Amino acid sequence: MRLLFLAVLRRHTGNAVTAQRVRDHLEAAGHECILRDAFDFESPSEIANFIKAESLEAALALHLYRGGRLLRGHGIPFGVIFGGTDLNEDVNQGEKNKVMGKVLEEARFAVAFTESMKETAQTQWPHAKGKIFVQSQGISTVPNAAFNWNSFLRRSEINQSADHLHVFLLICGLRRVKDPLYLVDAFSEWHQEEPSVYMMIVGPEVDPVFTREVEAKVKRTPGVRLMGEMAQEDLHAVVKNCFAVVNSSVSEGMSAAILEAMDLEVPVLARNIPGNAAVVTHEVTGLLFSDPQEFVQLAKRLVSDPALEKEVVANGRDYVRMYHSWQAERDTYGHLVRTLEGSPED
């Protein structure tokens, strides 16, 4: 089956990584999957022309509003995957909420990453109850074995021996919802007391205006560094070498960076929001903080308590291997996409 898969492909942001992985699953099931950025199409008529020109038989959208709304009314069966901001933010805007409800009326299935995402969607659009499935993200990490951590630190202008460093890594596309500056002032104060701790923000420019703001702030803040986009294998190598991975987002669907850190046996400190609390159990699989001061307290505790570090790492690894199986994700999408074949009654 020839499928159109619409997603927001902002390079190595979470949705782009998820889209690449789901495409691999669909192709492994024998389908031809054409992955396109939803922002490449300005209107449903452009999508209609593309569907016709490419002889597409079905479609899938990652993000109910940005992708899903473009698939309505074309007469081809489609499914949707909730992205995160669709359920956490767009849902609060009347017109967008209405459009997303109509998308779900036409969709044959919808995938939520967590039970709480599913509950949110069912509360908003009760008519979709029978077609929403929960499939957590499947995680697979492949760090670049040839990656040189010491030369990476030098490029980041961290001129200290790696043996005594504690690098806290925040991975995100630079946009406001990820709130990369949330911890910067509190962290910098700590760095000035304890010069071996650094915060490193790594990720692509998504919002150019906001990126300039982040660059300016980081430039004048001791102990904080900003690095651009990296290849996935190199990023996994950076995660493997850092002390802990941090998430300070205002909203998340399900953070792949958190799950990848757990898979790579690195501790996680995450802001206490529903998307993060769905995968991080405080003091079990990671640590949850509610404000910058609590983050610093917990980070200090992690640095000084190797037993706690060892425990959350072991629990995080076991959690990911049990609940975020790459193979289970592949099986689910293989099954769901078969529902797009033939008429709804088949």
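- Naming follows an unreviewed UniProt entry, where the protein chain appears as Glycosyltransferase 1 domain-containing protein 1 isoform X1 of Vicugna pacos.

**Notes on the pairing of strand S5 (residues 109–112)**
In step 1: The two faces of S5 match: Phe109 and Val111 on one face and Ala110 and Ala112 on the other face are all buried.
In step 2: Bridge analysis of strand S4 (residues 78–81) against S5 gives three bridges, and the strand direction is parallel. What sits directly across from Val80, in S5, is Ala110.
In step 3: Across three bridges, S5 lies against strand S6 (residues 132–134) in parallel orientation. Bridge pairing links Ala110 to Ile132 in S6.
In step 4: The parallel pair S5 and S6, bridged by helix H5 (residues 115–124), forms a crossover whose chirality is right-handed.

**A look at the pattern of salt bridges**
In step 1: Enumeration over the complete set of coordinates arrives at 17 salt bridges.
In step 2: Among the ionic pairs, Arg271 bridges to Asp179, the shortest N-O distance being 2.8 Å. Note that Arg271 is positioned in strand S11 (residues 268–271) and Asp179 in the loop between strand S7 (166–171) and helix H7 (184–193), a separation of 92 residues in sequence. Each member of the pair Arg271 and Asp179 is classed as buried.
In step 3: Residue Arg212 is joined to Glu215 by a salt bridge in which the shortest nitrogen-to-oxygen separation is 3.0 Å. You can see Arg212 and its partner Glu215 sitting in helix H8 (residues 208–219), three residues apart, about one turn around the helix.
In step 4: According to the relative accessible area criterion, Glu215 is partly exposed, its value standing at 32%.
In step 5: Where salt bridges share partners, they join Arg2, Glu32 and Glu54 into one cluster.

**Focus: the layout of surface pockets**
In step 1: Empty space within the second largest pocket amounts to approximately 160 Å³.
In step 2: Elements that contribute at least two residues to the lining of the second largest pocket include exactly helix H3 (85–88), H5 and helix H11 (274–277).
In step 3: Residues that form the lining of the second largest pocket fall into these classes: five nonpolar, seven polar and one charged.

**So, the sheet that holds strand S8 (residues 197–202)**
In step 1: Strand order in the open sheet made by the six strands is S9-S8-S7-S10-S11-S12, with parallel pairing throughout. A single partner strand is all that each edge strand has here, and the edge strands are strand S9 (224–227) and strand S12 (287–289). Strand-to-strand twist in this sheet, taken as the mean axis angle between neighbours without regard to direction, amounts to 25 degrees.
In step 2: Pairing between strand S10 (residues 244–247) and S11: three bridges, direction parallel. Of the residues in S11, the one forming a bridge with Val246 is Leu269.
In step 3: The strands touched by helix H12 (residues 292–304) within the sheet are S7, S8, S10, S11 and S12, with S12 carrying the most contacts at an inclination of about 155 degrees.

**Focus on H5**
In step 1: Along H5, the positions that sit buried rather than exposed are Met117, Ala121 and Gln122. Viewed along the axis of H5, the buried residues span an arc of 130 degrees, placing them on a single side of the element.
In step 2: The elements touched by buried residues of H5 are H3, S5 and S6.

**So, the sheet that holds S4**
In step 1: One open sheet accounts for six strands, arranged S2-S1-S3-S4-S5-S6; its pairing is parallel. What marks the edges here is a single partner per strand, and that holds for strand S2 (32–37) and S6. Between one strand axis and the next, the sheet turns through 20 degrees on average, direction left out of account.
In step 2: Helix-sheet contacts for H5 involve S5 and S6, and the interaxial angle to S6 is about 165 degrees.

**What about the side chain of His324?**
In step 1: Topologically, His324 is positioned in the loop between helix H13 (306–323) and helix H14 (326–338).
In step 2: Its relative accessible area of 2% is what places His324 among the buried residues.
In step 3: Engagement of the side chain of His324 in a polar contact is seen with the backbone oxygen of Gln137, the distance being 2.9 Å.
In step 4: Beyond its immediate sequence surroundings of up to four residues, His324 is in contact with Ser136, Gln137, Gly138, Ile139, Met254, Leu259, Val279 and Tyr319.

**Brief notes about empty space enclosed by the protein**
In step 1: Within the structure shown, the criterion is met by two cavities of 30 Å³ or more.
In step 2: If you add up the space inside the second largest cavity, you get close to 30 Å³.
In step 3: Every residue lining the second largest cavity is listed: Leu170, Ile171, Cys172, Lys178, Val246, Asn247, Ser248, Ser249 and Glu252.
In step 4: For the lining of the second largest cavity, the elements supplying multiple residues, two or more each, are S7 and S10.
In step 5: For the lining of the second largest cavity, a count of residues per class yields four nonpolar, three polar and two charged.

**Quick notes on the packing of aromatic side chains**
In step 1: On inspection of all chains with the given rule, the structure shows 11 aromatic pairs.
In step 2: Measuring from ring centre to ring centre gives 5.4 Å for Phe41 and Phe50, while their planes differ by 65 degrees; the resulting arrangement is edge-to-face.
In step 3: Note on Phe168 and Trp190: the rings are 5.6 Å apart at their centroids and 65 degrees apart in plane angle, and the pair reads as edge-to-face. Taken together, the residues Phe168 in strand S7 and Trp190 in helix H7 connect sequence positions 22 residues apart.
In step 4: For Arg69, the ring lying beneath its charged end belongs to Tyr65, and the centroid distance is 4.7 Å.

So, how was this worked out
- Residues numbered from 1 in each chain as written.
- Predicted model: local features only at pLDDT ≥ 70, side-chain atom pairs only at ≥ 80, totals over all residues.
- Heavy atoms only, no water.
- Buried < 20%, exposed > 50% of the residue type's maximum accessible area, 1.4 Å probe, protein only.
- Helix = DSSP H or I, 4+ residues; strand = E, 2+ residues; numbered from the N terminus.
- Pairing = 2+ DSSP bridges.
- Right-handed = clockwise from strand over helix to strand, strands pointing away.
- Salt bridge = Lys/Arg side-chain N within 4 Å of Asp/Glu carboxyl O.
- 1 Å grid on protein atoms, 1.4 Å probe; cavity = no way out; pocket = protein on both sides within 12 Å on 5 of 7 lines; lining within 4 Å.
- Points joined across faces, edges and corners; volume = space filled by probe spheres on them.
- Nonpolar A, V, L, I, M, F, W, Y, C, P; charged D, E, K, R; others polar.
- Axes fitted to C-alpha atoms, helices over the stretch in contact; angles between N-to-C directions.
- Contact = heavy atoms within 4.5 Å.
- Arc of directions from axis to C-beta.
- Polar contact = N/O pair within 3.5 Å; in protein donor to acceptor, adjacent residues only side chain to side chain.
- Phe/Tyr/Trp six-rings, centres within 6.5 Å; stacked < 30°, edge-to-face > 60°.
- Lys NZ or Arg CZ within 6 Å of the ring centre and 35° of its normal.

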